[in-house]
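In case you want the letters, here they are:
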Amino acid sequence: MGAPPSTLLAAAALLALVGGRALPVEPPASRRLLGEVMGPHHFERCPGVTDHLRISAMDFDPDPVKPDAELRVAIAGTLDREVDGGAAKLTVSYYGVPLAIVAFDICKQFGIVCPKKAGTPFNGRISYHVPTIPLSGVTLDVQIDVTDAKGAQISCIKTQACLLYTSPSPRD
């Protein structure tokens, strides 16, 4: 029994992109992270999951995402229940194949001061060093699952990120 068709499709797409030229991608207008101006990065709530964080805005910096660079993700919302701890799991996939899964403590690494009472706004931030990936001009699927201290899911959002490799400047 071989690999599932979705895995074969993803592998074929990766090989085609690595062996061929990547598509050019126009970067969006510049913007600043939370605390100043929030950029409009589109996201959706995961079906069947109640968003107790009531996430209202999300931003990536840089956007498009660059390999071998620090990616900062900012999320803003207003809690509809008290949060005293938990975890956020960031999953990055390409054609359904997970490329990275990173876990963050929401009170220590996400920027939420715990405990946080219901009805209070928050500005959460996570940073991740994107490894060197031989892909450019591709769209990656991103999902952030958030659980409370007891492991119950309290939020889930999905978005997409464009990966854009920028070549170093030619040297004189």
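Nothing here was measured: the structure is a model prediction, and the numbers come from that model.

Draft legend 1. Up close: the overall build of the protein chain. Counting its regular elements, the protein chain contains one helix and eight strands. Within the protein chain, contacts between residues at least 6 apart in sequence are counted, and of these 64% link residues at least 24 apart. Surface summary for the protein chain: the accessible area is close to 10,000 Å², and the carbon and sulfur share equals 56%.

Draft legend 2. Up close: the sheet that holds strand β2 (residues 55-61). Taken together, three strands build an open sheet; the order of strands is β2-β3-β6 and the sheet is antiparallel. Both outer strands of the open sheet, β2 and β6 (121-130), are each paired with one neighbouring strand and no more. On average, each strand axis in the sheet is tilted by 15° relative to the strand beside it, whichever way the strands run.

Draft legend 3. Region of interest: the pattern of salt bridges. Tallying each qualifying case throughout the model produces three salt bridges. Asp51 is paired through a salt bridge with Arg45; the nearest N and O atoms lie 3.1 Å apart. Across the salt bridge formed by Asp148 and Arg81, the nearest N and O atoms sit 2.8 Å from each other. Of this pair, Asp148 sits in strand β7 (residues 138-148) while Arg81 sits in the loop between β3 (69-78) and β4 (86-94), and the two are 67 residues apart along the sequence.

Draft legend 4. Quick peek at the environment of Val113. Along the polypeptide, Val113 turns up in the loop between β5 (97-105) and β6. Between the alpha carbons of Val113 and Asn123 there is a distance of 9.9 Å; along the sequence they are ten residues apart.

Calculation rules
Residues numbered from 1 in each chain as written. Predicted model: local features only at pLDDT ≥ 70, side-chain atom pairs only at ≥ 80, totals over all residues. Heavy atoms only, no water. Helix = DSSP H or I, 4+ residues; strand = E, 2+ residues; numbered from the N terminus. Contact = heavy atoms within 4.5 Å. Areas by Shrake-Rupley, 256 points an atom, 1.4 Å probe, with all protein chains shown as cover. Pairing = 2+ DSSP bridges. Axes fitted to C-alpha atoms, helices over the stretch in contact; angles between N-to-C directions. Salt bridge = Lys/Arg side-chain N within 4 Å of Asp/Glu carboxyl O.

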